[in-house]
2 protein chains.
Amino acid sequence: MKLLKDRIIRDGKIIGNTIIKVDSFLNHQLDIDLFNEMGREFKERFHNVKVSKILTVESSGIAVACIAAQYFKVPVVFAKKHEALNIDSDTFHSEVYSFTKQKSYNIRVSKKYISPEDSVLIIDDFLANGKAASGLVDIVQQAGAAVAGVGIVIEKGFQEGRTVLQQRGIRIESLAIIESIETGTIQFG
Amino acid sequence: MKLLKDRIIRDGKIIGNTIIKVDSFLNHQLDIDLFNEMGREFKERFHNVKVSKILTVESSGIAVACIAAQYFKVPVVFAKKHEALNIDSDTFHSEVYSFTKQKSYNIRVSKKYISPEDSVLIIDDFLANGKAASGLVDIVQQAGAAVAGVGIVIEKGFQEGRTVLQQRGIRIESLAIIESIETGTIQFG
């Protein structure tokens, strides 16, 4: 998606060989016009697939999922990753390892909000090692629902997320795939 | 806002005398059509006010803020309340006490994303004791920006949030004000 790639080049901050910060439009300040273009693009890519619900994980994924949901005309469910007293005890859950924080955490979704009839599109802002997306796939499968696919804003093509998901038979659509950020320049796939 | 009040009556779950759970459409599963009606209503109530940015706090506030931002045609900034390695060290911040979790936490916004020229509309899902909203007001004021107002989805009118904010001279618009949930029925203000 050219608009997104141009924006990443313009505003992304490269840190070391593996991190790109896109705080100014995707993760902290949110450019809602761009999010609408992204939502439209997700709909185009998944136009031939049944989607009854969009699933994401807090926090940054929520914004992308909500704007995209307008094009699919379906509700959003977001997995909770922080302790919350006000979640049902009866949940689907999966343990996700975070490389950034070097620890595991649980993501949880109340059993009320995904049912076997659902065809669930998973949307997230980043795909790197695929741990979060895999955890979301676990949850959909625990519910006995179908995974319609995984929609990602920025994929780090140099990490194994895509391989991990494809081995599970999941279709992935990423709006921008970064193949390399070594030597301080961004190479798209 | 009648549509919202009807939905709270239909789907809200009352717990004790002070808690109402609206997980099925506002806090865990998100009804994006309803969010659009809410966004339109916020715009109507604040149509005479300059708004250059919408500020909220993760996680549930993000969804409401993003959909509403489409009507104001401005970017969203969300305050981080969880430790994140990828936030700038140079932040505005405020300590917020959570009655639910009985502990304080810091909310933070990178100094890059609010400037003295901004007129910031604060949006959140709930107003109870006003601690989170006050923390967001602190951040806007630290930036030297103006607070355009506070827009809330559900206000607990029986708690002191409104008083706290009004004492600071802040205009509050709540789409539904619950005056009481004692005896198991919801009384709106």
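In this report, the structure presented in the accompanying data block is examined. Nothing here was measured: the structure is a model prediction, and the numbers come from that model.

**A few points about the interface of chain A and chain B**
- Counting residues at the interface gives 37 residues for chain A, matched by 37 residues for chain B.
- For the pair chain A and chain B, the summed buried surface comes to about 3,100 Å²; carbon and sulfur atoms form 57% of the total.
- Interface area lost by chain A to chain B is led by His28, Gln29 and Tyr113 of chain A, which between them contribute 21%.
- Where chain A meets chain B, there are zero salt bridges.
- Inspection of the chain A/chain B interface yields 18 residue pairs in polar contact (both at pLDDT 80 or more).
- Of all the secondary structure elements, the ones that give two or more residues to the side of chain A that touches chain B are helix H2 (23–27), strand S3 (29–30), helix H3 (32–45), helix H4 (60–72), strand S5 (76–79) and strand S7 (103–110) of chain A.
- Here the side of chain A that touches chain B gets seven residues from one element, more than from any other, and that element is H4 of chain A.
- Across the side of chain A that touches chain B, the residue classes tally to 16 nonpolar, 12 polar and nine charged.

**Regarding the packing of aromatic side chains**
Residue and element names in this part refer to chain B.
- This structure, assessed with the given rule, holds two aromatic pairs over all chains.
- Geometrically, the ring pair formed by Tyr97 and Phe99 is edge-to-face, given 5.1 Å between the ring centres and 90° between the ring planes.
- The class for Tyr97 is partly exposed, based on a relative accessible area of 31%.
- Judged by relative accessible area, Phe99 falls into the partly exposed class, the value being 43%.

Reading the values: rules and limits
- Residues numbered from 1 in each chain as written.
- Chains lettered and ligands numbered in written order.
- Predicted model: local features only at pLDDT ≥ 70, side-chain atom pairs only at ≥ 80, totals over all residues.
- Heavy atoms only, no water.
- Contact = heavy atoms within 4.5 Å.
- Buried area = accessible area lost by both parts, 1.4 Å probe.
- Salt bridge = Lys/Arg side-chain N within 4 Å of Asp/Glu carboxyl O.
- Polar contact = N/O pair within 3.5 Å; in protein donor to acceptor, adjacent residues only side chain to side chain.
- Helix = DSSP H or I, 4+ residues; strand = E, 2+ residues; numbered from the N terminus.
- Nonpolar A, V, L, I, M, F, W, Y, C, P; charged D, E, K, R; others polar.
- Phe/Tyr/Trp six-rings, centres within 6.5 Å; stacked < 30°, edge-to-face > 60°.
- Buried < 20%, exposed > 50% of the residue type's maximum accessible area, 1.4 Å probe, protein only.

As far as function goes, none of this settles anything; it's purely spatial.
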